[in-house]
Amino acid sequence: MRRTLVLVQIASALGCGGSGLAPEDAAREAGADATIEDATIEDAAARDTDVADAGLDAAVADPWSSGPPLGARRRDDGDVELRVRAPRATRIEVAFFAAAWGESERLRVPMVPDPDGETFALEVEGAALRAAGVDATVYYGLRVWGPNWPYDPAWTPGSELGRLADVDDDGNRMNPNKLLLDPYALEVSHDPITPEVRDFGVYRTDATNRSRDSGPWAPKGVIIPLAARAAPGPGRPARDQVVYEVHVRGLTMQDPTVPEALRGTYAGAAHRARYLRELGVTAIELLPLHETPNDQNDLTPDASGDNYWGYSSLSYFAPDRRYAADRSPGGPTRELRAMVEAFHAEGIEVYVDVVYNHTTEGGATGDAATLLSWRGLDNATFYQLADDPRRYVNGNGVGPNVNVANAVTADLVVDSLRYWHEVIGVDGFRFDLMPISSNGCTRSCFVFAPHELPARIARALARPADGGPGALLIAEPWGLAAGSYQLGNFPEGWLEWNDRYRDTLRRDLNHLGRQEVTPRQLARALEGSPDLFGGANRASLNFVVAHDGFTLADLFRYDVKQNDQPWPYGPSDGGSDQNWSSSHGGHVPTQRTATRTALALLALSAGVPMITGGDEMLRTQRGNNNAYNLDSPGNWLDWSRLDAEAAFHRFTRQLFAFRHAHAALRPRTPWQTGADLDGDGMPQITWLTDWGAPAGASYIDDPGRHFLGFMLDADELGDDVAAILVLYNGWDQPLNVTLPAAPPGTRWRSAADTTPLGDAFGHFHEAPVPTGNPYALGPRGLALLVSADE
């Protein structure tokens, strides 16, 4: 893209507006802003970097040589350069502020449209900014005109001069009274809701609010130095990962081992890196870290209107400032990078949940809408419009779909991902409702198009199957639009959350007699769903619970959701009524056995296992299965449970240690039933009946059969032992299981038992199993055996 520059020079300082005024009054205060209409325009060719111009040092590095191609940069000499892409905008002015909120702009400068017809560019000399009183920190926002609101030279903030409509027949919603956040801003000054601005009224375009100047109060871009490229992380293959999903704030808000000032922050999370390594976790997956309106959580005494999970992005580049102990300009970015480095130092990768299917701007009420960023810049480019351009398509259940089928928007998504991977240093991404972000339809429809944005992301970022550089890409493969359930349909380079795995295990453990689950269905889940994820560099992300549902402990403790509790455990609206949970009649030993068995099945399955934060110490939300709005002690990890549930914590650690120690459980390609690739006479995997025989079709397809065993030819799969044997009893009664013969020259040794029988030895031990006797396996129980030399 050819650089088109606007050089702005001001010899003397400009007056500044007062603070503490109502937005419309502050904006109209005389002398509060300066508009530069007759700026000097130069072609980029006349400003070669080898030649000093206007006293600039020719040695100053090109600020666009790395990082995102759009946004704002501050050069070493103090000059500021900006680039904005908005194909439907007719004029963009950049407003500069000396403070984040509460005062009017000090300087406003028009950008120059590039010949490409989409991009606007600007350069402002540092001297001009200093003269306007904008010095140490540069805060900025955009004022935008378009077809529905053409530019009028007499316009000033707070007027309606030039306005034709709030929204036109092409869906344009420009309104220069609404200061807009640059979509490529690397940090954001603050949230839209503050103690002074308690609703979105000033950002709205209804008749009452359209002329109100949001500038003093709107979130602004903060110009920070572009950090150097991050050092690469561990780069493990997906198959070697154990993922720990957790909220960065909830992880340490109640952690007594973390200094109080750091609790709930990026810096606080770094304190738990060693703990996670010792647990056996290889990757921490954090709920969204993009800037989201959550400061209001501190303004309410309960859950009213709160946004805890963070699935409502205000920016796709800026890290959320609320999660930083250092909230100074540049502080959140530095602290987040330091957190990533701390996890890397312990060999742990960092994944981030990202939400590219909707934003925090929400929907519209006829002509009226909220303008914070994308919508006011270029509504029809960034959002998927309905046939009626005043309405939107919503396939995510929250707000208008982000229009990823538009090239400008798709570039934004890829640029965001590359920045977080290459500069912030994160190692992977979990994509919320990814089919909605895979829509090949720009307007009024849904067409799943995995060959478009998902394939492009994979080409740009995907890590090779055997590890190395690149990011792990994890899709949540469903949405709310018709045709958006797409489990197993993402291209090479993608993992997918496997809800079929989740529901199969839940139904088998909790709903036998009410739900039919055949041994074959269970076997497919345990072998990583090869019918869905066969082929190169694709895998199942296995989970039994996730953030949006019951915790592991609650799944086996409650029959139905308990979302109407009082604060701090509720109330929360929504939440699924189809959880396949069970209290098991309130029988605590059965609850405990089923919980251990679920975790054991997860750790012993092919694919990539994921647990949620606190599962290792039986965290509870007291039956709330949709705690999205609870920024409260009832939702934060309770670290006192680490002592109370020390036995379960130890069991979790031992399970993951066993998984890491045995390559047979982490196959590069799916286990092959009946195959004998090393010629030792033992199939790679054998599915077993409770009488020790290979399970034929009549057994494995019988929903009345609730035992399933499997034996792996482990050394064929690169393991140090000859064989691994797993026995699972889904019955509510004990079984005497006949063991298959161990490989020649070996005998079976017990490694783990999840039933009360294992209480005496902590459910993990190494002991010989008497030959010739059946194995007594309790209800809902699992036994793990390995072969050892006689």
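Residues numbered from 1 in each chain as written. Predicted model: local features only at pLDDT ≥ 70, side-chain atom pairs only at ≥ 80, totals over all residues. Heavy atoms only, no water.

Looking at the overall build of the protein
Short version of the rule: Strands are runs of DSSP state E lasting at least two residues, helices are runs of H or I lasting at least four, and both sets are numbered from the N terminus onward. Only the C-alpha atoms count toward the radius of gyration. The rule for a globule is 2.2 Å times the residue count to the power 0.38. When accessible area is computed with a 1.4 Å probe and restricted to protein chains, residues below 20% of their type maximum are described as buried, those above 50% as exposed, and intermediate ones as partly exposed.
Helix and strand counts for the protein come out as 17 helices and 28 strands. For a compact globule of 790 residues, the expected C-alpha radius of gyration is about 28 Å, and the protein comes in at 29 Å, within 12% of that figure. C-alpha atoms of the protein, sized along the principal axes, occupy 95 × 55 × 50 Å. Every one of the 790 residues in the protein was classed for burial, and the buried ones make up 64%.

Regarding the environment of V398
Structurally, V398 is set in the loop between α7 (374-382) and α8 (407-424). Relative accessible area serves as the criterion here: at 54%, V398 is assigned to the exposed category. Between the alpha carbons of V398 and L453 there is a distance of 21 Å; along the sequence they are 55 residues apart.

Structural notes on the state of the cysteines
What counts is decided by this rule: When the sulfur atoms of two cysteines come within 2.5 Å, that pair is taken as a disulfide.
With the rule as written, the count across this model stands at one disulfide. A disulfide bridge connects C441 with C445, and the sulfur atoms are separated by 1.6 Å. Judged by the sign of its S-S torsion, about 95°, the bond between C441 and C445 is right-handed. Take C445: its relative accessible area is 30%, and that puts it in the partly exposed class.

Points about empty space enclosed by the protein
One simple way to see leftover space: roll a probe sized like a water molecule over the atoms. Put simply, the rule is: Definitions used throughout: a 1 Å grid over protein atoms alone; a cavity as a set of points that fits a 1.4 Å probe which cannot get out; a pocket as an open set with protein on both sides within 12 Å along at least five of seven lines; a lining residue as one with an atom within 4 Å of a point. Grid points are joined across faces, edges and corners, and a volume is the space filled by probe spheres set on the points.
Applying the stated criterion across every chain, the model contains seven cavities of 30 Å³ or more. As a volume, the largest cavity reaches approximately 180 Å³. Around the largest cavity, the lining is made up of 20 residues, and of these H247, H547, R619, Q621 and N635 lie nearest the centre. Going through the elements one at a time, β11 (243-246) and α3 (248-252) are the ones with two or more residues in the lining of the largest cavity.

Section: the packing of helix α6 (residues 331-345) against α8
Where we set the bar: Orientation is described by lines fitted to C-alpha atoms, with helices fitted over the stretch in contact, and by angles between N-to-C directions that extend from 0 to 180 degrees. Orientation categories follow fixed angle ranges, with anything under 35 degrees roughly parallel, anything over 145 roughly antiparallel, 65 to 115 roughly perpendicular, and all other angles oblique. Contact criterion: two residues are considered in contact whenever any of their non-hydrogen atoms come within 4.5 Å of each other. Classification used: nonpolar for Ala, Val, Leu, Ile, Met, Phe, Trp, Tyr, Cys and Pro, charged for Asp, Glu, Lys and Arg, polar for all others including Gly.
Viewed as axis vectors pointing N to C, α6 and α8 meet at an angle of 65°, and their least axial separation amounts to 10 Å. As judged from the angle between their axes, α6 and α8 are roughly perpendicular. Of α8, the residues touching α6 (which contributes T333, L336, R337 and V340) are Y419, W420, V423 and I424. Partitioning the contact of α6 with α8 into residue classes produces six nonpolar, one polar and one charged.

What about the pairing of strand β5 (residues 91-97)?
Along any regular strand, the residues point their side chains to alternate faces of the sheet. Threshold: At least two DSSP bridges between two strands are needed for those strands to be called paired.
Within β5, seven of the seven residues are buried, leaving the element largely enclosed by the surrounding structure. By the alternation rule, side chains of β5 split into R91, E93, A95 and F97 and I92, V94 and F96, which are all buried. Here seven bridges tie β5 to strand β9 (residues 139-145), and the two strands are oriented antiparallel to one another. Looking at the pairing, F97 lines up with Y139 of β9. When β5 meets strand β6 (residues 107-110), the two strands line up antiparallel, connected through four bridges. Its bridge partner being in β6, E93 is matched across the sheet by P110.

Details of the layout of surface pockets
In this model, the largest pocket occupies a volume close to 1,400 Å³. With four residues, the top contributor of residues to the lining of the largest pocket is helix α10 (residues 499-510).

Some words on unusual backbone geometry
Going from W567 to P568, the amide bond is cis rather than trans, its omega being 10°. If you trace the backbone, P568 turns up in the loop between α13 (552-555) and α14 (588-604). Note the cis peptide between G570 and P571, where omega equals -5°. On the secondary structure map, P571 appears in the loop between α13 and α14. Backbone geometry at L433 places phi at a positive 45°, although glycine is not the residue there. For L433, the position within the fold is in the loop between β16 (428-431) and α9 (453-461). A positive phi is found at R780, a non-glycine position, where the angle reads about 60°.

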